[in-house]
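Each chain is listed here by its residues.
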Amino acid sequence: MRIGVYVCHCGGNISEVVDINKVVEAAKLEGDVVLVKDNSHLCSNDGQTLMLNDIKEYKLDKVVVSACSPQFQGLTFMRVMETAGLNPYVLEMANIREQCSWAHYNFPKEATDKAIDLTKIAISKVRLDTPLDSKKMPIGKRVLVVGAGIAGIQASLDLGDAGFKVYLVEKEPSIGGHMAQLSKTFPTEDCSACILSPKMSDVPANKNIELMTYSQVESITGYLGNYEVTVNKRPTYVDPVKCTACGDCVPVCPIDVPDEYNEGLSLRKAIYITSDIAVPHSYVLDTDHCLGLFPLACSKCRDACEADAINYDLYPEKVKFTVDTIIIATGFDIFDAKKKPMFGFGKFENVYNALEMERIIGCEAEGKKLAEVGKKIALIQCVGSRDEQINREYCSRVCCMYATKLAQLMKRSDPKKDISIFYTDMRTYGKGFEEYYKRAQKSGVKYIRGRVAEIEENPDTKKLKLKVEDTLSRSFIESEFDTVVLSVGLEPNKGTETIRDILRISKSSDGFLQEAHPKFRPVDTLIEGVFLAGTVQGPKDIPDAVAQASAAAARAIRLMNQGEYEAEPITAWVDEDICAGCGICVGICPYDAITSEEQSDGTRLAVVNEILCKGCGSCSGACPTGASQQKWFDITQLRAMLEAAL
Amino acid sequence: MKKIPYYPGCTLKTTGKNFEDSAIATAKVLGLKLLEIDRWNCCGTVTSLTQDDLIHHIASVRNFIRVQEMNERGEVDDYRLLTLCSMCYNTLKSVSNVMQERPDDLDKINNFMDREEDYKGGVTVVHLLELIREMGFDEIKSKVKKSLGKLKVSPYYGCTLLRPKEVALDDPEVPTIMEDLLNAIGVDVIDSPKKSMCCGSYQTVRNPKTVVRLGYEIIESARKRGAEALVTSCPLCAFNLDDRQKEIKLEHPDFERMPVFYFTQLTALAFGLKKDVNNFDLNFTDPRPLLKKKKI
């Protein structure tokens with residue numbers, strides 16, 4: 001055996017703490033090691049060439065790289081191995097950067113000792129490494145996109161335009177998501193509906209996109225290249241082809257329901273169209289509120305429909321199809337301001353949340369009018385954000401700017417309006433944000449730094465007295481306002497939890513779905529072929545959501561465009577001679593990759609599906625007989641590593 | 001009848017006698033016997049927030065030792081210590097928490113008090129309102145004999161029942177425990193935004209003007225919303241809100257006095273108990289004209 005060991009300086013990241021020479025000298029003492037070298041940047045082109053030439057010149061058959069985390073540059077060095085004609089799985093990395101020089105930067109001696117230990121452990125493991133072969137699996141060009149807000153729409157259009165088959169599933173009757181509800185967008189003040197609706201109508205026009213609205217994903221099974229999806233499709237009871245959207249069915253309907261699109265500020269009927277820009281542009285009969293179809297309690301809408309588009313005799317339908325990759329774009333919900341009772345939301349009639357104010361400004365025709373909200377208006381920031389009391393530590397990122405925008409729009413509608421924004425910090429990080437903020441200040445919007453303590457409603461006038469400390473002037477303010485707008489934060493959409501359960505995607509501590517790597521894989525998940533787009537991953541504004549959606553589409557295309565992919569060979573395997581068929585591993589596997597199969601002699605045996613298996617090792621740990629082993633981490637290797645460590 | 005150790009504190013034996021008598025009578029109707037702990041001493045009034053100021057906790061700990069002894073002698077059925085005064089509740093409960101969380105400090109205190117048996121920990125502190133909630137407000141409703149329906153009363157929590165949140169007996173932002181009780185006995189409950197604003201507390205000694213200002217705000221806020229009386233569970237709040245009405249009247253000549261009840265006086269009324277348990281003579285503003293007007 002001829003092992004080569006490389007110790008990387010990482011341009012000082014490692015060598016400023018760890019004594020590289022000592023690591024080199026220690027490695028030289030190990031058996032089977034024929035070459036030890038150090039290099040300032042092993043991952044650079046020069047470093048890779050050095051390794052490549054050494055492998056050939058010194059006839060190395062195994063390599064240890066003591067450098068950074070294998071998560072970071074593992075693939076780089078595996079590629080070098082392949083180019084040099086070696087199997088990429090006879091390479092080991094010792095992480096002496098994250099685990100030594102970074103973690104123990106104040107303790108250079110101990111960091112060096114640990115680096116030596118980790119290098120020795122890697123050498124002891126590489127001795128027992130055997131070449132592993134990756135399986136090639138076919139992959140097609142079909143994608144499931146869950147959620148048709150702006151992120152889902154953008155990802156679907158990108159994929160559709162690139163020639164991929166898209167199944168776009170949306171639980172609401174219309175696509176468009178929250179963006180369709182907004183008045184204008186910051187900081188450019190484009191009309192939100194005007195820029196969104198052309199994109200919305202592009203969706204049904206795209207021949208590669210199959211749109212399923214009023215539908216929810218019920219189950220997903222399988223793996224990259226073979227995800228089997230079941231969607232539950234609710235009937236709308238209105239034939240979208242026959243429906244002319246004349247609206248004759250609406251006035252005859254006896255039911256009034258708060259209109260979701262208008263945040264409950266106006267009423268809709270049980271048969272309705274979500275908005276003027278709804279896509280598909282067709283009416284929907286909402287059976288949750290309709291007097292009843294089974295038995296039929298009222299048929300006024302059908303009687304009124306001249307186009308004969310209404311058919312009550314329909315049932316929910318299960319649609320099944322297979323896709324190769326999945327993009328999750330299930331978006332966000334706004335924070336329920338009732339959880340901060342001191343602001344009186346839902347109790348005081350002149351307290352609104354920001355989305356309601358978007359509707360008041362954006363939809364002059366229905367519900368409350370902007371002219372009716374009074375002259376003196378306060379916006380309260382960070383309602384449901386940056387608040388440890390209610391377990392929401394994160395910043396929702398969009399509220400500073402949307403509050404500025406709402407203030408600007410209100411001010412423009414009536415320059416006499418006296419508008420104050422009570423903020424924690426103004427976060428104007430984006431392109432054009434700071435300029436927009438300055439403009440708002442110049443136009444007379446008052447920015448007061450202080451978190452509002454409580455609001456008191458005058459029982460006669462319904463005016464609202466705010467109590468707050470101005471933390472810049474250190475004065476206590478008590479002032480009366482006509483209207484208070486709560487800048488509510490963003491939180492994970494309730495629907496996300498369903499899809500998270502189905503796919504077992506992890507979430508971060510804030511409750512949003514977790515990306516595979518915060519820097520280098522920001523739209524991937526740890527499930528192969530499943531990507532994230534938009535606010536499902538964390539609060540973000542429209543341009544960020546769109547950028548991420550396009551990125552998710554590109555990442556999905558990257559996998560699908562090659563026609564086949566290499567499945568990771570580090571999986572569990574079962575020693576059939578030892579396996580007692582107890583089935584413990586079947587229950588413990590988080591990926592449903594193991595099944596207990598009956599053999600011809602009547603005994604049972606655990607069988608691993610190598611595609612589903614992620615190589616987590618749970619089964620190996622749980623196996624009472626030691627039959628379940630993990631390739632590349634088998635028990636003899638672990639033992640050797642432990643011995644080297646001790 | 002269930003016996004529970006009871007800590008009265010200084011005020012309930014003097015100016016707050018009306019609170020104590022009505023509370024004991026109310027508890028009796030609910031099947032509770034309040035057994036006054038023997039040789040009780042001051043609760044310590046106001047917990048010291050200084051980490052190492054253990055001497056301040058000793059007063060409370062001594063009272064806990066009394067509870068421990070009563071339990072060892074089998075005189076009571078509860079390891080909890082019941083209080084009525086909000087300030088005692090706050091102080092005792094804070095110390096009980098500290099002793100639970102910092103066993104080293106408990107050791108220090110035990111070592112310091114060489115003439116007392118060691119406090120073993122575990123005594124928790126409850127307010128009568130909490131016990132009532134535990135029994136269920138339906139139980140209260142079933143004991144009501146007399147309708148108080150026409151009486152419009154605004155609950156006043158003050159601060160010590162609700163803050164800090166570690167000792168709070170209810171949600172510090174939206175407490176409902178007193179409302180629930182008052183609803184159960186059929187009082188017309190008036191909500192006021194100032195119900196947990198500070199009454200001025202001990203500023204009443206050094207800075208009575210502040211107390212007068214705050215009292216005026218609290219009373220007028222409730223009156224504006226239709227209240228005819230306030231209800232509280234704290235003798236100090238009662239003093240500040242009620243006795244200080246004399247000074248409020250001097251500053252605001254058209255101010256009308258508003259009675260301040262202890263919640264137990266209203267339960268005693270609703271349960272149809274003897275009038276003398278309420279000792280209305282001790283209320284600074286006599287509530288009897290109001291009750292008469294309401295035919296109660």
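If you're wondering where the values come from, they're calculated on a predicted model, not measured in any experiment.

Conventions we followed
- Residues numbered from 1 in each chain as written.
- Chains lettered and ligands numbered in written order.
- Predicted model: local features only at pLDDT ≥ 70, side-chain atom pairs only at ≥ 80, totals over all residues.
- Helix = DSSP H or I, 4+ residues; strand = E, 2+ residues; numbered from the N terminus.
- Buried ≥ 20, exposed ≤ 12 C-beta atoms within 10 Å, placed from the backbone.
- Contact = placed C-beta atoms within 7 Å.
- Nonpolar A, V, L, I, M, F, W, Y, C, P; charged D, E, K, R; others polar.
- Domains from an automatic or database assignment.
- Pairing = 2+ DSSP bridges.
- Axes fitted to C-alpha atoms, helices over the stretch in contact; angles between N-to-C directions.
- Right-handed = clockwise from strand over helix to strand, strands pointing away.
- Parallel < 35°, antiparallel > 145°, perpendicular 65-115°, else oblique.
- Left-handed = near helix turned anticlockwise from the far one by under 90°.
- Core = buried A, V, L, I, M, F, W, Y, C linked by C-beta atoms within 7 Å.

A few words now on the overall build of chain A. Across its full length, chain A holds 17 helices and 34 strands. Taking the principal axes of its C-alpha atoms as reference, chain A extends roughly 85 × 70 × 45 Å. Looking at chain A as a whole, 43% of its 646 residues are labelled buried. Counted over contacts in chain A with a minimum sequence separation of 6, partners at least 24 positions apart contribute 70%.

Let us look at the interface of chain A and chain B. With 4 residues of chain A at the interface, the matching set in chain B holds 5 residues. Its residues placed into classes, the side of chain A that touches chain B shows 3 nonpolar, no polar and 1 charged.

It is worth spelling out the domain arrangement of chain B at this point. All names here are of chain B. Along its sequence, chain B is carved into domain 1 (2–128) and domain 2 (144–293). Just the C-alpha atoms count here: the centres of domain 1 and domain 2 sit 25 Å apart. Contacts between the two partners involve 22 residues from domain 1, matched on the other side by 24 residues from domain 2. Those elements that place two or more of their residues in the side of domain 1 that touches domain 2 are α1 (17–29) and α3 (86–101).

Moving on, we get to the sheet that holds strand β4 (residues 124–127) of chain B. Residue and element names in this part refer to chain B. Strand order across the open sheet formed by 4 strands is β2-β1-β3-β4, with parallel pairing between neighbours. Since the sheet does not close on itself, it has two edges, and those belong to β2 (32–36) and β4, each with one partner. The mean angle between the axes of side-by-side strands here comes to 45°, regardless of whether they run parallel or antiparallel. Of the strand pairs in this sheet, strand β1 (residues 2–7) and β2 are connected by 5 bridges, and their pairing is parallel. Its bridge partner lying in β2, Pro5 is registered against Leu35. Across the sheet, α3 is in contact with β1, β3 (80–83) and β4; its angle to β4 comes to roughly 155°.

This part takes up the pairing of strand β23 (residues 446–449) of chain A. Residues and elements named next belong to chain A. With 4 bridges joining them, strand β22 (residues 418–423) and β23 adopt parallel strand pairing. Across the sheet, residue Phe422 finds its bridge partner in β23, namely Ile448. Where the polypeptide runs from β22 across helix α12 (residues 433–442) and back to β23, its parallel neighbour, the crossover connection is right-handed.

Before going further, it helps to examine the sheet that holds strand β10 (residues 209–212) of chain A. Residue and element names in this part refer to chain A. The strand order across the open sheet built from 5 strands is β10-β7-β6-β18-β29, with neighbouring strands paired in parallel fashion. Each edge of the sheet is formed by a strand with only one pairing partner; in this case those strands are β10 and β29 (530–532). Recorded for the sheet is a direction-independent mean angle of 20° between the axes of neighbouring strands. The strands touched by helix α14 (residues 542–560) within the sheet are β6 (142–146), β18 (325–328) and β29, with β18 carrying the most contacts at an inclination of about 170°.

Parsing chain A into structural domains produces domain 1 (3–128), domain 2 (142–234 + 316–331 + 493–560), domain 3 (334–491) and domain 4 (572–630). Computed over C-alpha atoms only, the centres of domain 3 of chain A and domain 4 of chain A are separated by 57 Å.

This brings us to unusual backbone geometry. Between Phe186 of chain A and the following residue, Pro187 of chain A, the backbone shows a cis peptide bond with an omega angle of -10°. Residue placement: Pro187 of chain A occurs in the loop between β8 (184–185) and β9 (190–191). The linkage connecting Val279 of chain A with the following residue, Pro280 of chain A, adopts the cis geometry, with an omega of 0°. Note on placement: Pro280 of chain A falls in the loop between β15 (271–272) and β16 (284–285). In this structure, Asp592 of chain A is a non-glycine residue whose phi angle is positive, near 50°. Positionally, Asp592 of chain A belongs in the loop between α15 (584–588) and β32 (594–598). With phi around 55°, Lys295 of chain B is a residue other than glycine that occupies positive phi space. By secondary structure assignment, the location of Lys295 of chain B is in the segment after α13 (288–293).

Residue and element names in this part refer to chain B. Two elements in contact, helix α5 (residues 128–135) and helix α7 (residues 177–184), have axes whose closest approach is 10 Å; the angle formed by their N-to-C orientations is 60°. When the axis of α5 is compared with that of α7, the two are oblique. For the crossing formed where α5 meets α7, the hand is left-handed. Contacts between α5 and α7 involve Leu129, Ile132 and Arg133 on the former and, on the latter, Ile177, Met178 and Leu181. Across the contact of α5 with α7, the residue classes break down as 5 nonpolar, no polar and 1 charged.

Attention now moves to the nonpolar core. Burial of nonpolar side chains together is a common tendency in soluble globular proteins. Counting 89 residues, the largest nonpolar core has Leu144, Ala155, Ile327, Ile328, Ala329, Ala533 and Ala552 of chain A as the members making the most contacts within it. Mapping this core onto the domain boundaries places at least three of its residues in each of domain 2 (142–234 + 316–331 + 493–560) and domain 4 (572–630) of chain A. Setting aside chain neighbours within four positions, we find Ala155 of chain A in contact with Val145, Ile327, Ala329, Ala533, Ala549, Ala552 and Ala553 of chain A. Core analysis: the next-biggest nonpolar cluster, separate from the first, contains 81 residues, Leu82, Cys88, Met99 and Cys199 of chain B among them.

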